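Read off the chains here:
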Amino acid sequence: MLCRNVSFAFERVLRLGPYQGRLQEVVLRLKHRTNEGLAEMLGEWWVDSARERFIALGVDCVVPVPLHWRRRWQRGYNQSGALAFGLATGLGVPLHKWWVKRIRHTADQKALSATARKENVRGAFQVRPTAAVTGHSILLVDDVMTTGATAHEAARVLCAAGAKRVLVAALARAHG
């Protein structure tokens with residue numbers, strides 16, 4: 001596995017499954033504006049089906065990986081934000097969807113190498129000055145994780161802002 005010898009700013013990853021078959025179809029559908037409700041329901045179902053695993057993480061809030069405003073506008077919503085809403089609802093913890101901001105538009109990660117992905121997202125995120133991150137155990141939510149570069153960069157800024165720890169929930173894990 002690509003990331004075994006790499007250190008990340010997050011502690012661990014909880015995933016629903018591999019990015020293939022039906023799960024890949026669902027993730028691709030989530031990227032369209034008409035499926036926001038599906039993403040929210042999927043988050044709640046995921047918590048229901050893996051409640052002990054989620055509880056064992058010991059998180060006290062949920063934060064989605066943000067989209068740049070331009071991509072969010074094109075898509076109509078942030079699929080990770082809707083998934084995070086479902087997870088937060090299912091876990092009964094607060095959702096802080098505006099704590100992290102994507103401060104620059106980045107190229108689509110899927111066509112990039114692992115090294116290029118890391119460079120692409122370096123400096124792309126910022127914790128908002130009003131975010132009360134200090135001391136929190138945060139569940140960072142994204143739809144797909146491949147190299148971990150995006151989650152690492154978002155977790156890095158959360159930790160730098162005082163988060164106690166960051167754990168990641170990625171709906172699907174792709175290999176690349």
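Given the structure is predicted, the values throughout are model-derived calculations rather than measurements.

Draft legend 1. Highlighting the pattern of salt bridges. As enumerated under the stated definition, the model contains 4 salt bridges in all. Close ionic contact of R165 with E11 constitutes a salt bridge, the shortest N to O distance being 3.0 Å. Within this pair, whereas R165 is found in strand 6 (residues 165-173), its partner E11 is found in the segment before strand 1 (13-18), the two being separated by 154 residues in sequence. Put simply, R51 and D48 hold a salt bridge, and the shortest N to O gap is 3.0 Å. By relative accessible area, R51 is classed as partly exposed at 30%.

Draft legend 2. Just the nonpolar core, in detail. Formed by 29 residues in total, the largest nonpolar core has its most connected members in F54 and L139. Of the residues forming this core, the biggest block, 6 residues, is contributed by helix 5 (residues 79-91). The residues touching F54, leaving out its near neighbours within four places in the chain, are L14, W46, V47, L87, L91, L139 and A169. Ranked by size, the runner-up nonpolar core spans 23 residues in total, among them F10, M145, V166 and A170.

Draft legend 3. Broad picture of the packing of aromatic side chains. Evaluation of the coordinates by the stated rule reveals 2 aromatic pairs. Plain terms: the ring middles of F8 and F10 are 4.8 Å apart, the flat faces sit at 20° to each other, and that makes the pair stacked. Taking the relative accessible area as the measure of exposure, F10 reaches 9% and is therefore buried. Taken together, a centroid distance of 5.2 Å and an interplanar angle of 80° make the contact between W46 and F54 edge-to-face. The exposure classification of W46 matches that of F54, with both residues buried.

Reading the values: the criteria
- Residues numbered from 1 in each chain as written.
- Predicted model: local features only at pLDDT ≥ 70, side-chain atom pairs only at ≥ 80, totals over all residues.
- Heavy atoms only, no water.
- Salt bridge = Lys/Arg side-chain N within 4 Å of Asp/Glu carboxyl O.
- Helix = DSSP H or I, 4+ residues; strand = E, 2+ residues; numbered from the N terminus.
- Buried < 20%, exposed > 50% of the residue type's maximum accessible area, 1.4 Å probe, protein only.
- Core = buried A, V, L, I, M, F, W, Y, C linked by side-chain atoms within 4.5 Å.
- Contact = heavy atoms within 4.5 Å.
- Phe/Tyr/Trp six-rings, centres within 6.5 Å; stacked < 30°, edge-to-face > 60°.

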